[in-house]
Structures are given as structure tokens and as C-alpha cells.
Amino acid sequence: MKTVLRSWCAWSPGLETAEQWTAWAKAPQPLASEGVPDARFLPAMLRRRCTPLSKILLKVARDGCNEAERSQARTVFASRHGSINESIGLLENVARGERISPATFSHTVHNAQAGLFSIAMGNRQASSSLAGREDSFGSGLLEALGHLEREPERPVLFVMGDVPLDPVFASLLDEPACAYGVALLLARSEGKDEESFEVALERPPPDAKRLAWPPAAEFLRLWIAGSTSFSISTSQHLWRFTRQE
Amino acid sequence: MGLIQALGADADETWPRLLAGDQSRLSEWDTGTDAPPLIVAAVRDNLPEIPASLAAFACRNNAMALAALLQIESPLREAIARFGADRVGVVMGTSTSGVSDAERAIRHQLELASLAPAFDYAQLEFGGIADFTARWLGTEGPAYTLSTACSSGARALASARSLLRLGFCDAVVAGAADTLCGLTTGGFSSLQAIAPEPTNPMSVNRRGLTLGEGAAVFLVTAEPGGVQLAGVGESSEAHHMSAPDPEGRGAETAMRKAIEDAGATANEIAYANLHGTGTALNDAMESVAVDHVLGREVPCSSTKPMTGHTLGAAGAIEAAFSWLVLQRAEHRKLALPPHLFDGEIDPACAPIRLAHKGETAEVDGRALVLTSSFGFGGNNCSLVLERKLS
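Scoring rules and cut-offs
Residues numbered from 1 in each chain as written. Chains lettered and ligands numbered in written order. Predicted model: local features only at pLDDT ≥ 70, side-chain atom pairs only at ≥ 80, totals over all residues. Helix = DSSP H or I, 4+ residues; strand = E, 2+ residues; numbered from the N terminus. Rg over C-alpha atoms; globule rule 2.2 N^0.38 Å. Buried ≥ 20, exposed ≤ 12 C-beta atoms within 10 Å, placed from the backbone. Contact = placed C-beta atoms within 7 Å. Domains from an automatic or database assignment. Nonpolar A, V, L, I, M, F, W, Y, C, P; charged D, E, K, R; others polar. Pairing = 2+ DSSP bridges. pLDDT = per-residue confidence, 0-100. Axes fitted to C-alpha atoms, helices over the stretch in contact; angles between N-to-C directions. Parallel < 35°, antiparallel > 145°, perpendicular 65-115°, else oblique. Expected span 1.5 Å × (residues − 1).

Asker: What exactly am I supposed to notice about the overall build of chain A here?
Answerer: Helix and strand content of chain A: 10 helices and 8 strands. For a compact globule of 245 residues, the expected C-alpha radius of gyration is about 18 Å, and chain A comes in at 18 Å, within 12% of that figure. Across its three principal axes, chain A shows a C-alpha extent of roughly 60 × 45 × 30 Å. Going through the 245 residues of chain A one by one, you find that 52% of them count as buried. By sequence separation, contacts in chain A at least 24 residues apart represent 76% of the contacts at least 6 residues apart.

Put into C-alpha cells, the structure is as follows:
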């Protein structure tokens, strides 16, 4: 299926504008791990309970599309870790036999960002939240294409991001610790003069080199660079992208 | 279809108990806090052991999924042999992942300043259950986990159908698993959503939900025949993180869209499996939405008084019950799971038709069943299953 990338938005500490990301794409560096975006666009009631991840994902989701799209697009939120850092606090409560906070519990479900976005933007369209370990970005993209399959005429806002995992668990993982969010507004190609892309997945190459930044940022880097054919490898799959004018 | 929950360790064991309205398997759960024990629908069968080669994934939630997967291991492996490992995908749903094991690991950490040695992050991260399933089966297609709270399991089936239609897969292993843990028992207790007695949906005396656990998995292919996933309907509520829109607009949209997607009309629906959690807000809004969409003649039931609310697995388990209703049709008669409650319908709920014990539905050639799941964060998904009966 040919898919159009109508617009994108990304955020990481120190990389907060399209110009900064374009410069980063030419000379990429590992992404920063500490920082939270200003989320004053959210009503105070919602913002107060937002986790750092929620602020990042809601920021890029909001800035990744126009006002009509915010309330009318289907949404897909992908994150490998979600709000597990906050869940760890709840698990410590459980381990100590303490009662847990209902608000924290509601805001650490994996679809918290989807729920918050729907409430903040008055969006009543279908929404998925998912995780796919190292393949969370590619999996989210497939899920977004699935929404385009179910309703071809409606765009899908695909949002991916993570924050560094709590040290309790981070030692169990081998991945770059960074805070980031990427939003891609996707639509089905109508075959006009639009630039579209296709994605396919293959077995991972045995010698895949590890990226110093997440696959979502790598996708953005190669997209900004204008590459017509590129791939992104994880330990699980090779994701092959082909771009057509 | 593979299935495990409090009623039974497979479909054959579950089916007669589901029709009989068996609540004898509910048990008590020690919360580990100063709160009194909860009534839960726990799975008390022994779960299969995770193979040593997948020790990183060895948690109760994956064992629950494996119990369901083993029931359909032959057709799954036949599909892999037939289509190729790279053409078979996995979409699983969960809201708990391996939290029950992570709680033990954290307790160990608090006491001994190191995580329990058997713990691996792959047990806790949401993506773990799909990767576990893919590795256990040796599939190489896409593998991911949906976690949209109580609609996760229904959504996994919707995504599976899309992956087939988009051509990414020729077969998808789709389902969900959730396990009882301190996080969800404590979380729903803190929301004052858990009833002190077995859940009593649609009753004026209802006091909340009963938590449960379990798993259901399906082999989804594009082949005709059998029971088909004919319709998917989805919506968000734009209302509240932990409470549904009291007017049931989101629920109504999901149900209407699923029926429309199936190319059907509401009067063709032979049975509806309700979300029916037994909370004041859910049942009031859901009955209104069902009344608007289906009217007052279509028999409906919540199966949660028997299985508890299995949260992330509920959509898959209730799709499995709907699948059984169709698959076990005799001639043109469907046997229906009863709606168990004290019979005192809440005047605040719309007077929809609640199926009684022994109730059946006569269908013509096309039998259609609707099942709905409405999740936290206002995430709704309804499915229509269909079987052509001769």
C-alpha cells in the first residue's frame, strides 16, 4: 500500500524545531536523555497528571498536524516502555502492601497518551496503543497502515516515543537511553503528485550495526535526507522503505 | 481457538459451564494490604512451563498465553509450514504483561537490593508477550502487542484482519492474556470499582466488577468458511481517563460501525456479548447504547459474573465465547450464555433483553454475533462474528 507522509514533528531535548532536526539529520548525534517539553497547550487538569512521556508524545502529536486533523485523525501511539517508570513506583507500593493512587494508576496504562489526546483534542476516532520491543516503531507503522486499511479516507496520526528506563530495569537492556517523540501524519496515497512510500519487512541481517538513536529517529533522518530507498535494522527485523515521487 | 479462564482450561471444559451459568469457581484473593480479600475469577489450573530456551519470558502471563496456544499448536504449526514463517504474524493484547512476576522482583529488590534472578525485563515490557509467542512458534512476520486496557484483546483481532488485508501476512496468531496481580487489584480497588460480592451487572444492587484472568488465541487467515470476523467498529470517547461517557455515545458508535462493517443490519444480530462490568457507570451507559443500536429484543449477556473482568484479555475471551456460540450451533439454533445477576434490573439502565439460562436463538442462514469491549481512556472496540449455517 502506498502511503503519504503528510507532515511530521519530532522532539528531543535540544531538538525542538524542524530546522534543528534537519540540521541533526545532516550530522546526527545520540539524542539527549533529560528534559520535558512545555505542555502548556494542555488544560491544567490534564497536564498535572501527565508523565514525562505523555508530555512528549502529546506535544509532537499536537504539533504534527493541524487543528482539524487533531480532532479527526485516527491515532496510533507506540512506545516500547510506555509509563513503566511510573508503574515501578506503583509496584513498590504493592510490594510494601501500600494502597496505590487511583490517578497514578489511570495515567500509567499503556494507552494513557491516546486517552489524554482524545480528551484534550475532542477526538472520537479509533485509536491503538502498542509496543513491539525493539520493533515498536515498525510495528506502530504497520498498525497505522491497518487503520488506513480500515478507513482509507481518514488520515492516521502515528506517534512514537520513549524516555530512559528507570535504572532498576535499564541495566537489563542494551539500548540508547534517550527522551524523544516522533509524530507522522499518514494518509493513503490518492495517486496524485504526492510523494509516497511503501514498507516491507524482512529477516534481520546477521551483521546489523546497532544505531546510536532509536529507529523512529533513524527513519526521520533518512526521510529528511531524501533517501529514495533505505532500510532500518533491529535484532528482530529489517524494515525496508521505498519512496516514490 | 485456544482458551483458558476461570471457567475452564479449554473450550470443551468451558462451554457447558458457560451455558450453565457456573459461578462456583470464584475464589478469594489476598490483596497483601490491610484491605479485606477480594472475590476474583482466578485460573487455578496448573499452567504449562515456559521452555528453558525462552527462560527470559518465563512469567505467569506468558504461561497463560502458552496454555491457550498449546490447544491450537497443530493448526498453528501447519499454517507456518504452509505459508512460511515470514508470512505468519503475531498480534497479542495485554494490559498486565508480567506485572505479577515484576512485583515479586521489585519486592526482592526492596529487600535485598537486587532484582530476583529469574526476572527479565522481557516479562514486564508490553511487547514481550508477542515476541514470546513469535519465538515459541518460530514465526518471522510482524509481532506486536496492543495495550488499550480492556479493549486490547478485541483490537488484536481487528489488527490481525488488517495485516491479512494489507498483504503483510497470510496468517496471524491473534489473542490476548492478562493475569491477576497487585497492580490491577490495587488499582481498581483504589478506583472503588471492585464489588465485595460477585459482580451483578445491570442490577440496581450492583457494586462494581469482579476481576479475572485468562487468555484466548485464534489462528486468523483469509480463508472462507468457519467463523469469520465480519465487522470491526472502533471509537474513542474524548471524555475521561477512567469513566465512560454517561450517554454511551462512544459505545454506540463502536457497535454501529461493527455492524455496518459486517454489511449487516442490527436486526440480524442474534446475540450480543456485553462488556457488562457491573460498575454503575458502565452498565447504565452500555444498556442505553445497546438499546439505541439493537433495541429490546436481541438477547444479551455479560459473561463476567463467571469469568470476572479479564481486562486486557476480555475482548479476546469474549470473542472466543462468541465464536463458540456460532461454532457450536446445532442446526439453526444458537445456545446462549446466560446473563447472571440478581434479577433486579436497575431502572437507570435501559430495559434491554438479558439472556436467561437455557435461552437459545433461532437464526436463518447467516448467524451474526456482536461482542463489545470498552476500555480505560475511552477506547472502544466492537466485533461482529459471522457463520453461514446451512
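Asker: Teacher, can you tell me more about unusual backbone geometry here?
Answerer: The phi angle of most residues is negative, glycine excepted, and most peptide bonds adopt the trans form. Residue and element names in this part refer to chain B. Even without being glycine, A113 reaches a positive phi, approximately 60 degrees. On the secondary structure map, A113 appears in the loop between helix 4 (99–112) and helix 5 (121–124). The exposed category is assigned to A113, around which 7 C-beta atoms lie within 10 Å. Although it is not a glycine, A238 adopts a positive phi angle of roughly 50 degrees.

Asker: What exactly am I supposed to notice about the domain arrangement of chain B here?
Answerer: Quite often, the size of an interface is put as the accessible area lost when its parts meet. All names here are of chain B. Partitioning chain B into domains gives domain 1 (2–203 + 209–221) and domain 2 (227–388). Computed over C-alpha atoms only, the centres of domain 1 and domain 2 are separated by 21 Å. Each side of the interface is counted separately: domain 1 has 53 residues, and domain 2 has 51 residues. Within the residue set of the side of domain 1 that touches domain 2, elements represented by two or more residues are strand 1 (2–5), helix 1 (11–20), strand 3 (38–41), helix 7 (152–165), strand 6 (171–178), strand 7 (211–212) and strand 8 (214–221). For the side of domain 1 that touches domain 2, the element with the highest residue contribution is helix 7, accounting for 8 residues. When its residues are assigned to classes, the side of domain 1 that touches domain 2 shows 28 nonpolar, 20 polar and 5 charged.

Asker: What is the right way to look at the interface of chain A and chain B in this model?
Answerer: With 56 residues of chain A in contact, the opposing surface of chain B contributes 54 residues. Listing elements by their share of the side of chain A that touches chain B, those giving two or more residues are helix 5 (84–95), helix 6 (102–107), helix 7 (112–121), strand 3 (127–131), helix 8 (136–150) and helix 9 (167–170) of chain A. Here the side of chain A that touches chain B is built from residues that sort into 24 nonpolar, 21 polar and 11 charged. Inspection of the sheet shows strand 3 of chain A paired to strand 5 (residues 143–146) of chain B by 2 bridges, in the antiparallel sense. Pairing of A131 of chain A across the sheet is with T145 of chain B, part of strand 5 of chain B.

Asker: Explanation requested: the sheet that holds strand 9 (residues 227–236) of chain B in the structure shown.
Answerer: One key point about sheets: their strands pair by backbone hydrogen bonds, in either a parallel or an antiparallel sense. Residues and elements named next belong to chain B. The strand order 9-15-14-10-11 describes an open sheet built from 5 strands, whose pairing is mixed. Strands with a single pairing partner mark the edges of an open sheet, and in this sheet they are strand 9 and strand 11 (300–301). In this structure, strand 14 (residues 366–375) lies alongside strand 15 (residues 379–388), joined through 10 bridges in antiparallel fashion. In the sheet register, S372 faces strand 15, and the bridge partner there is S382.

Asker: So what exactly am I meant to see when it comes to the confidence of the model for chain B here?
Answerer: The predicted coordinates should not be examined in detail at positions where pLDDT is low. For chain B, per-residue confidence averages 96 on the pLDDT scale, and 100% of positions sit at 70 or higher. Taken together, the chains of this predicted complex give a pTM of 0.97 and an interface ipTM of 0.97.

Asker: Looking at this model, I keep getting lost on the packing of helix 7 of chain B against helix 12 (residues 314–327) of chain B. Mind explaining?
Answerer: The geometry of a pair of packed helices is captured by two quantities: the angle between their axes and the separation between those axes. All names here are of chain B. Viewed as axis vectors pointing N to C, helix 7 and helix 12 meet at an angle of 70 degrees, and their least axial separation amounts to 4 Å. Classed by the angle they form, the pair helix 7 and helix 12 counts as roughly perpendicular. Each of S152, G153, A154, R155, A156 and L157 in helix 7 lies in contact with helix 12, whose residues at this interface are A314, G315, A316, I317 and A319. Split by residue class, the contact of helix 7 with helix 12 holds 7 nonpolar, 3 polar and 1 charged.

Asker: Would you mind showing me how to read the environment of L116 of chain A here?
Answerer: When you line up the elements, L116 of chain A lands in helix 7. With 74 residues separating them in the primary sequence, L116 of chain A and L42 of chain A have C-alpha atoms 9.3 Å apart.

Asker: Got a minute to help me understand the pairing of strand 1 of chain B in this structure?
Answerer: Looking down a regular strand, the side chains alternate between one sheet face and the other. Residues and elements named next belong to chain B. Of the two faces of strand 1, the one carrying G2 and I4 and the one carrying L3 and Q5 are both buried. Alignment of strand 1 against strand 8, held across 4 bridges, turns out to be antiparallel. By the bridge assignment for strand 8, G2 is matched with V217.

Asker: Can you walk me through helix 4 of chain B in this structure?
Answerer: One turn of an α-helix holds 3.6 residues; hence residues three or four places apart share an orientation. Residue and element names in this part refer to chain B. Over its 14 residues, helix 4 extends 19 Å from the first C-alpha to the last, a length consistent with the 20 Å expected when each residue adds 1.5 Å. Burial of helix 4 is extensive: 10 of the 14 residues sit out of reach of the surface. Taken together, the buried positions of helix 4 are occupied by V99, S100, D101, A102, E103, R104, A105, I106, R107 and Q109. Among the residues trailing helix 4, A113 stands out with phi positive, at a value near 60 degrees.

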